[in-house]
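Results of the structural survey
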Amino acid sequence: MNIVVTDGPAEEKQALFNPELLQKFDINGPRYTSYPSADRFHDGFSEKDYLGALKRVANANEPLSLYFHLPFCPNICYYCGCNKIITKDHGRSAKYIKYLAKEMTMVFGAMGANKRLPITQLHWGGGTPTFLSHEEMTELMYYTHQYFDLLPGGEYSIEIDPRRVTEKDIALLAELSFNRISLGVQDFNLAVQEAVHRVQTIEETQAVMDWSRKYSFKSISVDLIYGLPKQTPETFKETVNAVITMNPDRISVYNYAHLPHIFKPQRRISEADLPLAADKLNILSNTIERLIEAGYVFIGMDHFAKPDDELAIAQKEGKLHRNFQGYSTQAECDLLAFGISSIGKVDDCYSQNVRTLDEYYATLDAGHLPVLRGLQLDQDDLLRRELIGKLMCQFVLNTEIFSKEHQIDFLSYFKSEIEDLKTLEDAGLLEWHGNSMQVPIKGRLLARRVAMTFDRHLQESHAKGTYSKVL
């Protein structure tokens with residue numbers, strides 16, 4: 001069964017979902033929230049390298065992006081692959097806020113700024129950010145405002161567990177300047193919820209959405225996961241229909257990556273309970289079909305948005321971007337990241353913090369930034385990062401313009417990649433229109449597979465087994 005979409009009112013209908021192609025090209029590969037991907041980071045990158053990057057951007061006065069990793073959760077969800085700490089002790093989170101403030105102070109000092117730095121994007125991720133008490137949330141935002149100026153019109157988002165919030169929580173988040181909210185749902189079927197240790201009702205979720213609208217959040221997003229234990233095409237249809245009825249602005253439908261050798265909580269999931277590959281494809285097919293029928297626009301990979309949502313408008317205007325938080329309307333900018341395991345992007349560097357609280361506290365107490373590893377990109381990395389970003393966001397690249405911008409001969413520079421693309425061309429995943437390389441509608445679910453051809457690090461290592469499936 002092919003799902004038919006219309007790419008504009010005058011455009012010919014084309015198939016987005018092609019099961020033969022998906023089965024053939026559904027291999028393991030990076031998600032390209034960064035290029036090079038985080039598995040290329042190394043411990044040869046040090047605090048000194050990060051400090052150098054901070055100093056290089058210190059006087060740019062360009063808007064920045066902020067990310068805070070808030071790892072605390074009161075209960076464990078078996079599917080989760082995030083760096084998290086299961087606790088009910090708010091003494092631990094209260095202490096963590098103090099150290100986030102210490103890290104901010106050190107970063108601000110390293111940049112030598114004499115005034116607050118402009119911010120156009122902020123995200124609290126986890127863990128469960130709303131694990132924090134009202135006092136802790138207010139305190140963290142207070143410290144943030146000491147060093148950073150949240151500009152009007154920016155994206156200020158937070159991840160929400162609907163089981164853990166009240167109307168007062170949502171009211172406070174609005175007061176603290178958050179204007180976007182992401183709700184974890186995953187699946188509303190009780191058997192699935194019990195299998196992943198996350199029971200959440202439709203009523204709880206609807207209440208949070210109602211409160212978010214009451215307090216004028218600009219965008220409400222819902223996250224779903226397909227491929228979880230006990231899921232069937234029929235039960236997931238019910239979940240999707242329930243979510244559509246709630247009318248969120250954005251919907252993400254992620255593929256569950258079962259990697260129990262990496263994520264210990266997943267060992268509590270019985271592989272016998274996971275849906276078969278054919279059922280997963282049916283789930284994906286049904287979901288895409290239903291979302292398009294409901295008027296959502298396919299943004300890319302696993303993201304859908306209403307036509308009037310800023311994400312859909314940005315894609316239409318060629319202004320869509322992709323970063324560690326996924327798709328974004330904000331222009332490419334430096335990202336300062338705080339907290340354990342957080343990843344930042346400053347100048348031509350990626351930097352990741354240490355993973356445990358003990359390491360984090362000890363390093364900051366010793367007067368050092370908690371850098372664990374990172375990567376300084378060379379010119380080839382920067383060039384390929386832009387290319388992959390365009391393919392993932394716009395599905396098209398004008399090679400003539402790209403060549404002029406980077407002073408290269410595209411056909412010569414990427415000679416081997418263009419040869420490798422022929423298999424994808426023959427399958428219909430890629431088309432050439434003059435100087436433009438385009439991922440057509442039927443190839444867009446597999447845009448990651450096209451991007452992988454230009455991933456020099458991936459081609460050199462041939463290590464695809466550590467990644468999740470493309471679908």
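Structural notes, computed from the coordinates. Every chain begins its residue count from 1, and numbering advances along the sequence as written. Per-residue local features are limited, in this predicted model, to residues with pLDDT of at least 70; the limit for side-chain atom pairs, both in listing and counting, is 80 or more; totals at the level of whole chains, interfaces and linings are taken over all residues. Excluded from the side-chain calculations are hydrogens and water; all other atoms, namely the structure's heavy atoms, are used.

**Topic: the pattern of salt bridges**
- What makes a salt bridge here is a side-chain nitrogen of Lys or Arg within 4 Å of a carboxyl oxygen of Asp or Glu, nothing more. Applying the stated criterion across every chain yields a total of 24 salt bridges.
- Linking Asp 380 and Arg 384 is a salt bridge whose minimum nitrogen-to-oxygen distance equals 2.8 Å. Here Asp 380 pairs with Arg 384, and both are found in helix α12 (residues 379-393), just four residues apart, close to one helical turn.
- Look at Asp 380 and you get buried, because its relative accessible area is 13%.
- Residue burial is assigned from relative accessible area. The probe radius is 1.4 Å, only protein chains are included, and a residue is buried under 20% of its type maximum, exposed over 50%, and partly exposed in between. Residue Arg 384 is classed as buried on the basis of its relative accessible area, which comes to 5%.
- Shared partners join several salt bridges into a network, and the residues in it are Asp 378, Asp 380, Asp 381, Arg 384, Glu 417, Arg 456 and Glu 460. Helix and strand assignments come from DSSP, with helices taken as H or I runs of at least 4 residues and strands as E runs of at least 2, each series counted from the N terminus.

**As for the packing of helix α3 (residues 90-111) against helix α4 (residues 134-147)**
- Axis lines are fitted through C-alpha atoms, for helices just across the contact stretch, and the angle between N-to-C directions can take any value from 0 to 180 degrees. Look at α3 against α4: their axes get within 10 Å of each other, and the N-to-C directions meet at 5°. For the element pair α3 / α4, the angle class is roughly parallel. Here α3 contributes His 90, Ser 93, Ala 94, Ile 97, Lys 98, Leu 100, Ala 101, Met 104, Thr 105 and Phe 108 to the contact with α4, which in turn contributes Glu 136, Glu 139, Leu 140, Tyr 143, Thr 144 and Tyr 147.
- Residue classes in the contact of α3 with α4 are distributed as nine nonpolar, four polar and three charged. The cut-offs work like this: below 35 degrees is roughly parallel, past 145 is roughly antiparallel, 65 to 115 is roughly perpendicular, and the gaps in between are oblique. What makes two residues a contact is simply this: any of their non-hydrogen atoms within 4.5 Å. Residues were grouped as follows: Ala, Val, Leu, Ile, Met, Phe, Trp, Tyr, Cys and Pro as nonpolar; Asp, Glu, Lys and Arg as charged; and all remaining residues, including Gly, as polar.

**Structural notes on empty space enclosed by the protein**
- A 1.4 Å probe that fits into a set of points on a 1 Å grid over the protein atoms alone but cannot get out defines a cavity; an open set with protein on both sides within 12 Å along at least five of seven lines defines a pocket, and lining residues are those with an atom within 4 Å of a point. Grid points are joined across faces, edges and corners, and a volume is the space filled by probe spheres set on the points. Under the defined criterion, the tally for this structure stands at two cavities of 30 Å³ or more.
- Of the volumes computed, that of the largest cavity is approximately 70 Å³.
- What lines the largest cavity is simply Val 57, Ala 58, Ala 60, Asn 61, Glu 62, Pro 63, Leu 64, Met 111, Leu 117, Pro 118 and Asp 334.
- For the lining of the largest cavity, the per-class residue count stands at eight nonpolar, one polar and two charged.
- A volume near 30 Å³ is recorded for the second largest cavity.

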